[in-house]
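Tertiary structure, described
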Amino acid sequence: MRTLRSLRTGLSLAVLGTCVAALFTAPAVYAADPPLRDLAAAKGKVMGTAVTGSKLTGTYGDITAREFSALTPGNAMKWGSVEPTRGSFNWAEADQIVAFAEAHGQQVRGHTLVWHSQNPGWLTNGNWTPAELGGLMNDHIALEVGRYKGRLATWDVVNEPFNEDGTYRQTLWYNGLGADYIAQALTAARTADPSAKLYINDYNVEGVNAKSTALYNLVKSLKERGVPIDGVGLQAHLILGQVPSSMQQNIQRFADLGVDVAITELDIRMQLPSDRAKLTQQAADYKAVMNACLAVSRCAGVTVWGFTDSDSWIPSTFPGQGAATPYDENYAPKPAYHAIAESLGGGTTTPPPTDACTAAYSVTSEWNTGFTGQVRVSCSGAALSSWKVGWTFGAGQRITQAWNASCTQSGAAVICSNASYNGTVPDGGSVTFGFNGSWSGSNPVPVVALG
Ligand code: 9MR
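Predicted, not measured: the structure shown is a model, and the values here were computed from it.

**Overview of the overall build of the protein chain**
Looking only at helices and strands, the protein chain features 14 helices and 18 strands. Taken against the 2.2 N^0.38 rule, which gives 22 Å for 451 residues, the C-alpha radius of gyration of the protein chain at 25 Å falls within 12% of a compact globule. Here the C-alpha coordinates of the protein chain stretch approximately 90 × 45 × 40 Å along the principal axes. When burial is assessed residue by residue, the protein chain has 51% of its 451 residues classed as buried. If you take every contact in the protein chain between residues at least 6 apart in sequence, the share linking residues at least 24 apart comes to 76%. Within the structure as shown, the protein chain displays about 18,700 Å² of accessible surface, and the carbon and sulfur contribution to it stands at 53%. Separation between the mean location of the 31 positive side-chain charges and that of the 35 negative ones in the protein chain comes to 6 Å.

**Looking at the UniProt feature "domain: GH10" (unreviewed entry) in the protein chain**
Using the residue numbers shown here, the UniProt feature "domain: GH10" (unreviewed entry) corresponds to residues 33–343. Between the C-alpha atoms that bound residues 33–343 there is a distance of 13 Å. The span itself is 42% helix and 18% strand.

**Structural notes on the sheet that holds strand β12 (residues 370–380)**
Taken together, the four strands give an open sheet; going across it, the order is β11-β12-β17-β14, and neighbouring strands pair in antiparallel fashion. The sheet is open, and its two edges are formed by β11 (356–366) and β14 (398–403), each paired on a single side. Each adjacent strand pair in this sheet contributes to an overall mean axis angle of 25°, direction not counted. Pairing of β11 with β12, which is carried by ten bridges, proceeds in the antiparallel orientation. In the strand pairing of β12, T358 is matched with S378.

**What to know about the pairing of strand β13 (residues 388–392)**
As paired strands, β13 and strand β16 (residues 413–418) are joined by five bridges and run antiparallel to one another. Of the residues in β16, the one forming a bridge with T392 is A413.

**Considering the site of the ligand**
Neighbouring the ligand are the residues N75, K78, H111, W115, Q118, N159, E160, Q235, H237, E265, W305 and W313. Here Q118 contributes a side-chain N or O atom positioned 3.2 Å from an oxygen atom of the ligand. Protein coverage of the free-state accessible area of the ligand, which is 440 Å², stands at 73%. One can see that the ligand is located within the second largest pocket. Class assignment for the residues of the shell around the ligand results in three nonpolar, six polar and three charged.

**Notes on the pattern of salt bridges**
If the charged atoms of two oppositely charged side chains come close together, the side chains can form a pair. Under the counting rule described, the total for this entry stands at 15 salt bridges. Of the charged contacts, one joins K55 and D311 as a salt bridge, the two residues approaching to 2.8 Å between their closest N and O atoms. A residue pair is termed long-range when its members are at least 10 positions apart, and K55 in the loop between β1 (46–51) and α3 (58–67) and D311 in the loop between β9 (299–304) and α13 (314–317) qualify at 256 residues. Under the relative-accessibility criterion, K55 is labelled partly exposed at 32%. Assessed through its relative accessible area of 14%, D311 is described here as buried. Between E329 and R376 there is a salt bridge whose closest N-O contact spans 2.8 Å. On the criterion of sequence distance, the pair formed by E329 in the loop between β10 (321–322) and α14 (335–343) and R376 in strand β12 is long-range, its members being 47 residues apart. Classification of E329 by relative accessible area gives partly exposed; the value is 37%. Members of the salt-bridge network, linked through shared partners, are E164, D202 and K211.

**Concerning the side chain of N159**
Looking at where N159 falls in the secondary structure, it is placed in strand β4 (residues 154–159). Beyond its immediate stretch of four places on either side in the chain, N159 contacts H111, T112, V114, W115, N201 and Q235.

**With respect to the layout of surface pockets**
Within this model, the second largest pocket holds a volume of roughly 550 Å³. Around the second largest pocket, the lining comprises 26 residues; the ones closest to its centre are K78, H237, E265, W305 and W313. Broken down by secondary-structure element, the contributors of at least two residues to the lining of the second largest pocket are β1 and β8 (260–271). Looking at the lining of the second largest pocket residue by residue, the classes come out as eight nonpolar, twelve polar and six charged.

**A closer look at the environment of Y331**
With respect to the helices, strands and loops of the structure, Y331 is situated in the loop between β10 and α14. Distance in space between the C-alpha atoms of Y331 and G411 is 26 Å, their sequence separation being 80 residues. Contact partners of Y331, with chain neighbours within four places excluded, come to T59, Y60, I63, F307, T308, S310 and S362.

**Section: the state of the cysteines**
With the rule as written, the count across this model stands at three disulfides. There is a disulfide in this structure between C293 and C299, and the S-S distance comes to 2.1 Å. Every disulfide takes its handedness from the sign of the S-S torsion; for C293 and C299 that torsion is -105°, giving left-handed. Of the two residues examined, C293 and C299, each falls in the buried class. Here C407 engages in a disulfide with C416; their sulfurs sit 2.2 Å apart. Its S-S torsion of about 115° marks the bond between C407 and C416 as right-handed, since a negative value means left-handed. Residue C407 is classed as partly exposed on the basis of its relative accessible area, which comes to 24%. Ordinal numbering of bonded cysteines along the protein chain defines a disulfide pattern of 1-2, 3-4, 5-6.

Thresholds, definitions, all that
Residues numbered from 1 in each chain as written. Predicted model: local features only at pLDDT ≥ 70, side-chain atom pairs only at ≥ 80, totals over all residues. Heavy atoms only, no water. Helix = DSSP H or I, 4+ residues; strand = E, 2+ residues; numbered from the N terminus. Rg over C-alpha atoms; globule rule 2.2 N^0.38 Å. Buried < 20%, exposed > 50% of the residue type's maximum accessible area, 1.4 Å probe, protein only. Contact = heavy atoms within 4.5 Å. Areas by Shrake-Rupley, 256 points an atom, 1.4 Å probe, with all protein chains shown as cover. Lys, Arg positive; Asp, Glu negative; His and termini not counted. Charge placed at Lys NZ, Arg CZ, Asp CG, Glu CD. UniProt positions renumbered as here; feature names shortened; annotations may be inferred. Pairing = 2+ DSSP bridges. Axes fitted to C-alpha atoms, helices over the stretch in contact; angles between N-to-C directions. Near = heavy atom within 4 Å. Polar contact = N/O pair within 3.5 Å; in protein donor to acceptor, adjacent residues only side chain to side chain. 1 Å grid on protein atoms, 1.4 Å probe; cavity = no way out; pocket = protein on both sides within 12 Å on 5 of 7 lines; lining within 4 Å. Sits in = over half its atoms within 2 Å of the grid points. Nonpolar A, V, L, I, M, F, W, Y, C, P; charged D, E, K, R; others polar. Salt bridge = Lys/Arg side-chain N within 4 Å of Asp/Glu carboxyl O. Points joined across faces, edges and corners; volume = space filled by probe spheres on them. Disulfide = S-S within 2.5 Å.

Pasting the structure below:
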């Protein structure tokens, strides 16, 4: 009896395994499209993302390495991060990001040396004479730029120096040193690393307006004075449907001054929840920004400020808003991702699904021999009353436990079906299930199919 039962189980699992491919409709396999970094390289552009060092493993690390040719530490290189206490330094996250980039053939954009925000308390609370303040600034630049000398492609030397009306922002630096702190900072950075491209970076300077004109006039006068300035960064923290129509013209006028331009912190936020219409508008907005950069040869490239909605500053700063990046919080590429690919000449192999339910697999944590994964089943323009998700593990991984679904594994083939309480996925909604698994050697993300 026992033999018979295990024989039966074995048989049905074998059938299940061989049928994984047949049972499910073909998944949308965007892997057939070249990654964004390759598409961008073919156009002579850099495609970058801001990153958080502690997240650079699992799916987050895989996507970072595969899709992007430049990394900007989102916070790790700011003064408050690297020298929280005077004379005591923490370079761990910054070093980690630079090492990751070098291991994956990526540029690094250093961010940022002289800013009014995210400075250590000892610096902002100090009562400095102008000479002391100038010394602190120069020493900080010499130390941090010197540490990575020859390894960073670019530095955002000065960040956000202007008010919206084009006057100088009253900061620690401006108040203590006058407007010339900018020239001093650039000069110190050039001395510390003659090969890095030196930028001034600001927000709300994407189109032609009072603030971008002030930046334009500053760059012009710095060039005339022979101060080292190689580029301007247009941050591009944009709002859905509000890409400035003069963006290309603005990029061009900076290029005509003889400096490079980079889109350094692109995200496009919307009121939550997102829906198909908003995501479609967002895709068009991303494409418009890409096209503005592509149209000007001195536009070096575009960096997104986090590539996934789970690593974006928007929800905590603008309550009720979010969904600002090209991947959703489960690492599924959004229409914005495909729009970027299309603007770079890709996206021709498989059109993105419009009316569909999809399944997205991600590794949420990983340790020596084990990992936790999750799959999100989401619908947009369609709905489900029950679901099955299947995949084939590529490197011997085994599921040890699952929740919110019942999973069976036969050889490399896994099939998970909804639990009694979560078969329904409404239009515009999603259901998530999780599992623990074992792995050794590598833990690649499989292509999942929804049936
Ligand atoms: O992404 C950064 C976020 O994690 C920080 O909390 C925030 C604090 O100001 O800074 C964010 O990055 C900023 C960048 O350094 C400069 N331009 C604006 C960005 C968004 O605030």
